[in-house]
Amino acid sequence: MRNLTLCCLLLASIGFQSCKKNENQKEVEDAKADAEKPVNVQCYKAIYENDTIDLKLNTLKNGKITGDMVMKVASAPEKTGEIKGEFHGDTLFADYTFIVGANKNTTFKNPMAFLKREKQLILGNGTMQTTMGVTYLVKDKPIYFDNVKYKFTTIDCVDKSK
């Protein structure tokens, strides 16, 4: 009888623990979903000669930045992709993962740095290095934000799904 009571008690505690585990997992998933919802959406456009870049940035609850960017550079195929990064002070450090033209089989990834000045974002020029297939901005080299091609101005966001 004592063994039966112990077995029942053990099974009940395992059951309660698994319910608690499911509740904790649901709380983590809910918190992650909240962090993924944008708290701010801002759109930008940069025009330089025949080049146009459209940028949409989503600021998430956790401070991270996500978004979309389309680069239409004269004499080159269109680049379409996603931006992911975060601000360090007034500078957004992000990775741009994109495809070139209609070739969806090959993706590329480049680091980018944008300086925020008032309502403008300025795409910086810096020294990039590739190590083991990963491209990054070299830490000890400066990123220049003066005399650059692409200065983004704030525009109204347009929903393309309509």
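Everything numeric in this text was worked out from a predicted model, so none of it was measured. (Residues numbered from 1 in each chain as written. Predicted model: local features only at pLDDT ≥ 70, side-chain atom pairs only at ≥ 80, totals over all residues. Heavy atoms only, no water.)

(A) Spatial organisation of the overall build of the protein. The secondary structure content of the protein amounts to 1 helix and 10 strands. Counting from the amino terminus, the protein carries its helices and strands in the arrangement α-β-β-β-β-β-β-β-β-β-β. Split into buried and exposed, the 162 residues of the protein put 24% on the buried side. Here the analysis covers contacts within the protein between residues at least 6 apart in sequence; of these, 34% occur between residues at least 24 apart. Here the protein has roughly 11900 Å² of accessible surface; of this, 54% comes from carbon and sulfur atoms. (Helix = DSSP H or I, 4+ residues; strand = E, 2+ residues; numbered from the N terminus. Buried < 20%, exposed > 50% of the residue type's maximum accessible area, 1.4 Å probe, protein only. Contact = heavy atoms within 4.5 Å. Areas by Shrake-Rupley, 256 points an atom, 1.4 Å probe, with all protein chains shown as cover.)

(B) The side chain of Asn-58, seen in detail. Note on placement: Asn-58 falls in strand 2 (residues 51–60). The class for Asn-58 is buried, based on a relative accessible area of 13%. The residues touching Asn-58, leaving out its near neighbours within four places in the chain, are Pro-38, Asn-40, Val-41, Lys-64, Ile-65, Thr-66 and Gly-67.

(C) Seen up close, the environment of Lys-119. Structurally, the position occupied by Lys-119 is in the loop between strand 6 (103–117) and strand 7 (120–123). Judged by relative accessible area, Lys-119 falls into the exposed class, the value being 65%. Sequence separation of Lys-119 and Tyr-44 is 75 residues, and the distance between their C-alpha atoms is 9.3 Å. For Lys-119, the contacting residues outside a window of four places in its chain are Tyr-44, Phe-152, Thr-153 and Thr-154.

(D) Structural context of the state of the cysteines. Going through the model one piece at a time under the given rule, you end up with 1 disulfide. Residue pairing for Cys-43: its cysteine sulfur links by disulfide to Cys-157, the two sulfurs lying 1.9 Å apart. Here Cys-43 and Cys-157 share a disulfide; its torsion about the S-S bond, 110°, makes the bridge right-handed. Taken together, the positions of Cys-43 in strand 1 (residues 38–48) and Cys-157 in the segment after strand 10 (151–155) put the pair 114 residues apart, joining distant regions of the chain. (Disulfide = S-S within 2.5 Å.)

(E) Representation of the sheet that holds strand 4 (residues 79–88) in the model. Taken together, 8 strands build a closed barrel; the order of strands is 1-2-3-4-5-6-7-10 and the barrel is antiparallel. The average angle at which neighbouring strand axes cross in this sheet is 30°, direction not considered. In terms of strand pairing, strand 6 meets strand 7 through 4 bridges, oriented antiparallel. Bridge pairing in strand 7 links Lys-116 to Leu-121. (Pairing = 2+ DSSP bridges. Axes fitted to C-alpha atoms, helices over the stretch in contact; angles between N-to-C directions.)

(F) Geometry of unusual backbone geometry. The phi angle at Glu-49 is positive, at roughly 50°, despite the residue not being glycine. Take Glu-49: it is sitting in the loop between strand 1 and strand 2. The exposed category is assigned to Glu-49, whose relative accessible area is 67%. The phi torsion at Asn-147 lies on the positive side, around 55°, for a residue other than glycine. The class for Asn-147 is exposed, based on a relative accessible area of 80%.

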